[in-house]
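# Residue-level structural notes
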Amino acid sequence: MEEIAFFDAKPYDIESFDKLNKDYKINYYEDKLTPRTARLAAGCAAVCAFVNDTVDREVIDLLTGMGVKAIVMRCAGYNNVDVRYAERTMAVLRVPAYSPYAVAEHAMALLLMLNRKIHKAYLRTRDFNFSIVNLTGFDLHGKTAGVIGTGKIGQAFIDICLGFGMRVIAYDPYPNEKLAEEKGYRYGDRTAVFSESDIISLHCPLTSDTKYIINHESLRLMKKDCIVINTSRGKLIDSDELLKALREKRIGGAGLDVYEEESDIFYEDCSADIITDDTLSLLVSMPNVIITSHQAYLTKEALNNIAEVTLSNLDEFFGKGADPKGKYTNSVLL
Ligand code: NAI
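The following refers to the structure shown.

A few words now on the site of the ligand. The local shell around the ligand holds 25 residues, among which Lys152, Ile153, Asp172, Asp209 and Thr231 are the closest. The separation between an oxygen atom of the ligand and a polar side-chain atom of arginine 233 is 3.3 Å. At 3.0 Å, a side-chain N or O of aspartate 257 approaches a nitrogen atom of the ligand. Compared with its free state, where it exposes 870 Å², the ligand has 86% of that area covered by protein. Because more than half of its atoms lie within 2 Å of the grid, the ligand is assigned to the largest pocket. Its residues placed into classes, the shell around the ligand shows eleven nonpolar, eight polar and six charged.

Okay, here's the thing in structure tokens:
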């Protein structure tokens, strides 16, 4: 039975994997994968990693030296993996999709919460403060949603926005004009999306082209009340520029499920620590910013799909038969 080193394991991961796993000895580690912790994979045939694990050249060399043959990412994004380098010595697999609805619904939840100030209302009524002063939002109906990246999650988010009676303008270097016509949204260039939208939601991957796509210039183009939602990757936003725009009241608010310096903080209980990241502290303190801890994917359905596809990726790699349900295409990254 092959041994798998499973990094950054949380109780909900262990539950969903143990429910489905019969064929592997999975060693769960709470630690994230780093050069310091990589040695925990000694004797393992594969490593299972997640969004904030480090899979750089140093880690890949260490894993290769220990005879690890595959890295199975239990997530869709893989910007934290040096794929080209890894593929010289091992296979890299991921879960291309596990629930686009989970992420798109969380993006809308952040938007609704910010716009209608539910976070404030919740705290007030728990203290029997039933005042609604300063809780005014705006109708989403008839407003324009700007969607950057119209893949699986972007499409699910567009559907939700259209259901709310919003207009949608999207940017994607590979636009699906036919689908846009069928659904009733339109594509524009980045400038049009930034300047015409009442809310902007990011659903593109983190690449050299998209790093800091929300920056000084794009923030300058936005409407004064524009709400920015990021459920994709933290480095899509230059956080210091976002903070400046919020302080100068140049935009309306931000809903962030990801943050560019999240890797040592998100998924951990830091409530007893002094947070030394001043940008994060200031963002957290703002009434028009909501931060969640990279949890947009966290639904029962997504966790089940992640476990199912990751285990079938392992099966495929170790020659134990292909994905029986053909539900998703397992992919060795290229
Ligand atoms: P996808 O691959 O289906 O779609 C990505 C879309 O972005 C594609 O249509 C692609 O053409 C487009 N794109 C590529 N370069 C672009 C650019 N320069 N500007 C604008 N669009 C560009 O991916 P999917 O499944 O929709 O996921 C999107 C992202 O969501 C992932 O890359 C990942 O970073 C993030 N994600 C976040 C999760 C969370 O829990 N917060 C969970 C899952 C994914």
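What follows is about the pairing of strand E7 (residues 167-171). Regular strands place their side chains on alternate faces of the sheet. With four of five residues buried, E7 is to be regarded as a mostly interior element. In this structure, strand E6 (residues 144-148) lies alongside E7, joined through five bridges in parallel fashion. Opposite isoleucine 148, over in E7, you have tyrosine 171 as the bridge partner. Between the parallel pair E6 and E7, the chain is carried across by helix H6 (residues 152-163), and the sense of this crossover is right-handed. With two bridges connecting them, E7 and strand E8 (residues 186-187) associate as parallel partners.

Moving on to the pattern of salt bridges. All chains considered together, the criterion is met by twelve salt bridges. In this structure, the salt-bridge partner of lysine 10 is glutamate 268, at a minimum N-O distance of 3.6 Å. Of this pair, lysine 10 sits in the loop between strand E1 (3-6) and helix H1 (11-20) while glutamate 268 sits in the loop between strand E11 (253-256) and helix H11 (278-285), and the two are 258 residues apart along the sequence. Residue class for glutamate 268 comes out partly exposed when judged on its relative accessible area of 37%.

Below, the discussion takes up the packing of aromatic side chains. Using the criterion set out here, one finds ten aromatic pairs in the structure. A ring pair is formed by phenylalanine 6 and phenylalanine 17, whose centres lie 4.9 Å apart and whose planes are at 80°; its orientation type is edge-to-face. Placement of the pair is phenylalanine 6 in strand E1 and phenylalanine 17 in helix H1, with a sequence separation of eleven residues. On the basis of relative accessible area, phenylalanine 17 is assigned to the buried category, the value being 2%.

Looking now at the packing of helix H10 (residues 239-247) against H11. At a minimum axis separation of 10 Å, H10 and H11 run at an interaxial angle of 35°. Taken as a pair, H10 and H11 cross one another with a handedness that is left-handed. Seen from H10, the contacting residues are Ser239, Asp240, Leu242, Leu243, Leu246 and Arg247; seen from H11, they are Thr279, Leu282 and Leu283. Tallied by class, the residues present in the contact of H10 with H11 amount to five nonpolar, two polar and two charged.

Scoring rules and cut-offs
- Residues numbered from 1 in each chain as written.
- Predicted model: local features only at pLDDT ≥ 70, side-chain atom pairs only at ≥ 80, totals over all residues.
- Heavy atoms only, no water.
- Near = heavy atom within 4 Å.
- Polar contact = N/O pair within 3.5 Å; in protein donor to acceptor, adjacent residues only side chain to side chain.
- Areas by Shrake-Rupley, 256 points an atom, 1.4 Å probe, with all protein chains shown as cover.
- 1 Å grid on protein atoms, 1.4 Å probe; cavity = no way out; pocket = protein on both sides within 12 Å on 5 of 7 lines; lining within 4 Å.
- Sits in = over half its atoms within 2 Å of the grid points.
- Nonpolar A, V, L, I, M, F, W, Y, C, P; charged D, E, K, R; others polar.
- Buried < 20%, exposed > 50% of the residue type's maximum accessible area, 1.4 Å probe, protein only.
- Helix = DSSP H or I, 4+ residues; strand = E, 2+ residues; numbered from the N terminus.
- Pairing = 2+ DSSP bridges.
- Right-handed = clockwise from strand over helix to strand, strands pointing away.
- Salt bridge = Lys/Arg side-chain N within 4 Å of Asp/Glu carboxyl O.
- Phe/Tyr/Trp six-rings, centres within 6.5 Å; stacked < 30°, edge-to-face > 60°.
- Axes fitted to C-alpha atoms, helices over the stretch in contact; angles between N-to-C directions.
- Left-handed = near helix turned anticlockwise from the far one by under 90°.
- Contact = heavy atoms within 4.5 Å.

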